[in-house]
Amino acid sequence: MAMDFKGVSEKTLVLIKPDGVQRGLIGEVLMRFERKGLKVVAMKMISLDEAVLREHYAHIADKPFFPGVSSFMQSSPVVAICLEGLEVVQAVRILCGITKARAADAGSIRGDFAMSVACNVIHASDSVETAMKEVPRFFKQDEIYEYGKSEYEHVYMEDEKN
Ligand code: ADP
């Protein structure tokens, strides 16, 4: 069965980066997604290697700062999370804040918890097309759970769920 990226089944990929893990922000970041009403459908701690980082960060692989980003991303494990919800890719990017954390909006994760461009706590897929590649990059189909969430009754109107 193909992964569903439509409606309330839209999925996005989040990584809590090494600075988030080291600074004890795993719970804080997860709490923000949970209280927003997003569904956690997969989660695990993993170590990234050069090969997966070259693929994941292909769009910055030829930048002078890439070696630094690559070694930073391998400096400790990261937490990979797949979140589900209506227009979840966009919703998570808003919660995340812009790349340059010290200029990110107060209230966003990067705006509230980081100062750096590189050490900016989380990665989040930047479009539905990207998410469709990133979710399977980090999660096998059988690691992604389909389950009903009772709070959806109060998170969405009936017509938004269809
Ligand atoms: P985002 O993570 O906000 O989608 P990009 O895809 O442009 O941003 O970059 C990927 C990651 O590479 C950033 O989150 C950041 O960790 C790092 N990065 C981006 N630009 C720079 C830079 N100019 N200097 C150092 N690291 C950078």
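Residues numbered from 1 in each chain as written. Predicted model: local features only at pLDDT ≥ 70, side-chain atom pairs only at ≥ 80, totals over all residues. Heavy atoms only, no water.

A. Structural context of the site of the ligand. Around the ligand lies a shell formed by Lys17, Tyr57, His59, Ile60, Phe65, Val69, Arg93, Thr99, Arg110, Val117, Ala118 and Asn120. Between Arg93 and the ligand, the recorded distance is 3.0 Å, taken from a side-chain N or O atom to an oxygen atom. For the shell around the ligand, the per-class residue count stands at six nonpolar, three polar and three charged. (Near = heavy atom within 4 Å. Polar contact = N/O pair within 3.5 Å; in protein donor to acceptor, adjacent residues only side chain to side chain. Nonpolar A, V, L, I, M, F, W, Y, C, P; charged D, E, K, R; others polar.)

B. Just helix H4 (residues 66-73), in detail. Listed in full, the buried residues belonging to H4 are Phe66, Val69, Ser70, Phe72 and Met73. What you see down the axis of H4 is that its buried residues fit within an arc of 165°, all on one side. Buried-residue contacts for H4 involve strand E1 (11-16), helix H1 (18-22), helix H3 (50-56) and strand E3 (78-84). (Buried < 20%, exposed > 50% of the residue type's maximum accessible area, 1.4 Å probe, protein only. Helix = DSSP H or I, 4+ residues; strand = E, 2+ residues; numbered from the N terminus. Arc of directions from axis to C-beta. Contact = heavy atoms within 4.5 Å.)

C. Structural context of the nonpolar core. Membership of the largest hydrophobic core comes to 24 residues, with the highest contact counts inside it found for Leu15, Leu48, Tyr57, Met73, Phe138 and Phe139. Looking at which element gives the most residues to this core, the answer is H4, with four residues. Those residues in contact with Leu15 that sit more than four places away from it in its chain are Leu48, His56, Met73, Val78, Val79, Ala80, Val121, Ile122, His123 and Phe138. Counting 23 residues, the second largest nonpolar core, distinct from the first, contains Phe33, Val92, Phe113 and Ile122. (Core = buried A, V, L, I, M, F, W, Y, C linked by side-chain atoms within 4.5 Å.)

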